[in-house]
Amino acid sequence: MADKKDNKKNKKSGLGRGLDVLINTGETPLRNKATHQNEIAIDSIEVNPFQPRKDFDETALQELADSIKELGVIQAISVKDMGNGKYQLISGERRLRASKMAGLKKIPAYIRTDVTDQSMLEMALVENIQREDLNAIEVAQTYQQLIDECHMTQEQLSTRIGKSRSAIANFLRLLNLPPKIQTGIRDEKISMGHARALLGAKDEETMLMIYDQILKYDFTVRKVEEVIKEYNGGKSEKKEKKKVLATNEDYALLQKSLSSCFATDVELKRNQKGKGKIVIPFKNDNEFERIIAIFDKLNS
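Values in this document were obtained by computation on a predicted structure and should not be read as measured data.

Reading the values: the criteria
- Residues numbered from 1 in each chain as written.
- Predicted model: local features only at pLDDT ≥ 70, side-chain atom pairs only at ≥ 80, totals over all residues.
- Heavy atoms only, no water.
- Salt bridge = Lys/Arg side-chain N within 4 Å of Asp/Glu carboxyl O.
- Helix = DSSP H or I, 4+ residues; strand = E, 2+ residues; numbered from the N terminus.
- Buried < 20%, exposed > 50% of the residue type's maximum accessible area, 1.4 Å probe, protein only.
- Axes fitted to C-alpha atoms, helices over the stretch in contact; angles between N-to-C directions.
- Parallel < 35°, antiparallel > 145°, perpendicular 65-115°, else oblique.
- Contact = heavy atoms within 4.5 Å.
- Nonpolar A, V, L, I, M, F, W, Y, C, P; charged D, E, K, R; others polar.
- 1 Å grid on protein atoms, 1.4 Å probe; cavity = no way out; pocket = protein on both sides within 12 Å on 5 of 7 lines; lining within 4 Å.
- Points joined across faces, edges and corners; volume = space filled by probe spheres on them.
- Pairing = 2+ DSSP bridges.

Draft legend 1. Fine view of the pattern of salt bridges. Considering all chains together, one arrives at six salt bridges under this definition. Here Arg165 ties to Glu155 by a salt bridge, and the two come within 3.3 Å at their closest N and O atoms. Of this pair, Arg165 sits in helix α8 (residues 165-173) while Glu155 sits in helix α7 (residues 154-161), placing them ten residues apart in sequence. Overall, Glu155 belongs to the partly exposed group, its relative accessible area being 42%.

What follows is the structure, given as structure tokens:
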């Protein structure tokens, strides 16, 4: 049991590395002899005006409130001392909201007096990143906000939050996707793997066309990569001189390429004189329309 608790603690420490870096220095806990941690009145705390998070899941808050009723607030919030007995929240808004729902009048807190508006924004953004329920677009937007508003480089952000620079760059690239696809990621219609594959398309129109195919036909990430690879190759081949296919192997490769392009089992038949036919099967009207859309795209 102790090992399990230690592992959980270590995991949490790893996730919160960026926040710890920001809030440990200069943080002064209020203490008393009874609990080793003093408490401040909830009514004396105002929310962080720089908090990027606006929406809170009411069900999850109620679950946290029920836990607080039973066990109390296990992790203290952090606040900025505004003077005259007033405080401004730095981190822990979920705990503060849930404590209010639980009917608490006071909450354990760490008080800081050396916090600037800039550092409060930075701490709020980094805390936002640590949330487990963030989708990939929300993470990317938070990274971008830290870079833009806190004047960080990707390298500095990497050090601050304990993520590799390449991981940060991959998230930021998602913001180059069309809004429709970003919404799809946010609504969990496609995964980050699908999104990264779509970034390989040559233009926005192609991205959107393949995105629609993912939703209709439940393409795997690998399938998306194959479709984009074949499609990009097909676009460039238009400018090349027409080649004569001389061997059965050439025709087999072409049949495979066509099947991948149209996402269906294309039949390619040819006799020794070179006469033959290409058959592109479809199962229903939706699949027929998808194939026609690919033809239209190839001819544009």
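Structure's up, so let's keep going.
Draft legend 2. Examining the packing of helix α6 (residues 136-149) against helix α9 (residues 179-186) more closely. Here α6 crosses α9 at 115°, and the two axes come no closer than 7 Å. Taken together, α6 and α9 sit at an angle that is classed as roughly perpendicular. Each of Ala136, Ile137 and Gln141 in α6 lies in contact with α9, whose residues at this interface are Gln182, Ile185 and Arg186. Across the contact of α6 with α9, the residue classes break down as three nonpolar, two polar and one charged.

Draft legend 3. Fine view of empty space enclosed by the protein. This model, assessed by the stated rule, comprises one cavity of 30 Å³ or more. Lining the largest cavity are Met209, Gln213, Val227, Tyr231, Cys261 and Ile294. Looking at the lining of the largest cavity residue by residue, the classes come out as five nonpolar, one polar and no charged.

Draft legend 4. Representation of the pairing of strand β4 (residues 77-83) within the structure. Direction of pairing for β4 relative to strand β6 (residues 106-112): parallel, over a ladder of four bridges. The residue bridging Lys80 from the neighbouring strand is Arg112, located in β6. Two successive antiparallel strands, β4 and strand β5 (residues 86-91), enclose a turn made up of two residues, where Asn84 displays a positive phi of approximately 55°.

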